[in-house]
Amino acid sequence: MTERFPVSEEQLNQYQQDGFLIVDHLFDAEEMSSVLGADSFDYVVSMSMLEHTPHPWKLVRECYQVLRPGGILYLSVPWMYPYHGVDGEDFWRFSVPCL
């Protein structure tokens, strides 16, 4: 459990038992290379998630860290979408020049 991602192992197990959450890994995406290791994946997909991290540049750096050389990052973010964060966790909107 981290301060930014307050889900305990017990809560995750309960979510899975209730059929609400099916995941392979649960971790802070800004620290994914420490969990998954560098050069581990050919593809990384991040869809409509980047706006929910307070440090999106760290997340992008981590995506490239876990990609193998020549790997592909597929990244999508909302532009004209209403505020939709939980507990204030909708931090960013990205324009084309920004990306």
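Quick summary incoming for the structure in this document. Keep in mind it's a predicted model, so treat the numbers as computed, not measured. (Residues numbered from 1 in each chain as written. Predicted model: local features only at pLDDT ≥ 70, side-chain atom pairs only at ≥ 80, totals over all residues. Heavy atoms only, no water.)

A few words now on the side chain of Asp-28. As for its position among the elements, Asp-28 is in the loop between helix H1 (9-18) and helix H2 (32-36). Owing to a relative accessible area of 12%, Asp-28 belongs among the buried residues under this scheme. (Helix = DSSP H or I, 4+ residues; strand = E, 2+ residues; numbered from the N terminus. Buried < 20%, exposed > 50% of the residue type's maximum accessible area, 1.4 Å probe, protein only.)

So, about the pairing of strand E2 (residues 67-76). Across six bridges, the pairing between strand E1 (residues 41-47) and E2 is parallel. If you follow Met-47 over to E2, its bridge partner there is Ser-76. Once the chain exits E1 it traverses helix H3 (residues 56-66) before rejoining the sheet at E2, and the crossover so formed is right-handed. (Pairing = 2+ DSSP bridges. Right-handed = clockwise from strand over helix to strand, strands pointing away.)

Structurally, Trp-79 can be placed in the segment after E2. On a C-alpha basis, the gap between Trp-79 and Ser-95 in space is 6.9 Å, while along the polypeptide they are 16 residues apart. Residue contacts for Trp-79: discarding those within four places in its chain leaves Arg-93, Phe-94 and Ser-95. (Contact = heavy atoms within 4.5 Å.)

Moving on: the nonpolar core. Within the largest apolar cluster, eleven residues are counted, these being Ala-29, Met-32, Val-44, Leu-50, Leu-59, Cys-63, Val-66, Leu-67, Leu-73, Val-77 and Phe-94. Within the residue set of this core, elements represented by two or more residues are H3 and E2. Examining the composition of this core, we find that three residues originate from one element, H3, more than from any other. With residues near it in sequence (within four places) discarded, Leu-50 still touches Pro-56, Leu-59, Val-60, Leu-75, Val-77, Trp-92 and Phe-94. (Core = buried A, V, L, I, M, F, W, Y, C linked by side-chain atoms within 4.5 Å.)

As a further point, take unusual backbone geometry. For Asp-39, which is not a glycine, the phi torsion comes out positive at approximately 55 degrees. Following the sequence through the fold, Asp-39 ends up in the loop between H2 and E1. According to the relative accessible area criterion, Asp-39 is partly exposed, its value standing at 44%. Positive phi, close to 50 degrees, is recorded for Ser-48, a residue that is not glycine. Mapping Ser-48 onto the fold places it in the loop between E1 and H3.

Our focus in this paragraph is the environment of Asp-90. Following the sequence through the fold, Asp-90 ends up in the segment after E2. Judged by relative accessible area, Asp-90 falls into the buried class, the value being 10%. Along the sequence, Asp-90 and Thr-53 sit 37 residues apart, while their C-alpha atoms lie 7.7 Å from each other. Among the polar contacts made by the side chain of Asp-90, one reaches the side chain of Arg-93 at a distance of 2.8 Å. (Polar contact = N/O pair within 3.5 Å; in protein donor to acceptor, adjacent residues only side chain to side chain.)

Turning to the pattern of salt bridges, a few remarks are in order. Applying the stated rule across the entire model yields two salt bridges. A salt bridge links Arg-68 to Asp-42, with the shortest nitrogen-to-oxygen separation between them at 3.3 Å. Placement of the pair is Arg-68 in strand E2 and Asp-42 in strand E1, with a sequence separation of 26 residues. By relative accessible area, which is 37% here, Arg-68 ends up partly exposed. (Salt bridge = Lys/Arg side-chain N within 4 Å of Asp/Glu carboxyl O.)

Any link to function would need more than the numbers given here.
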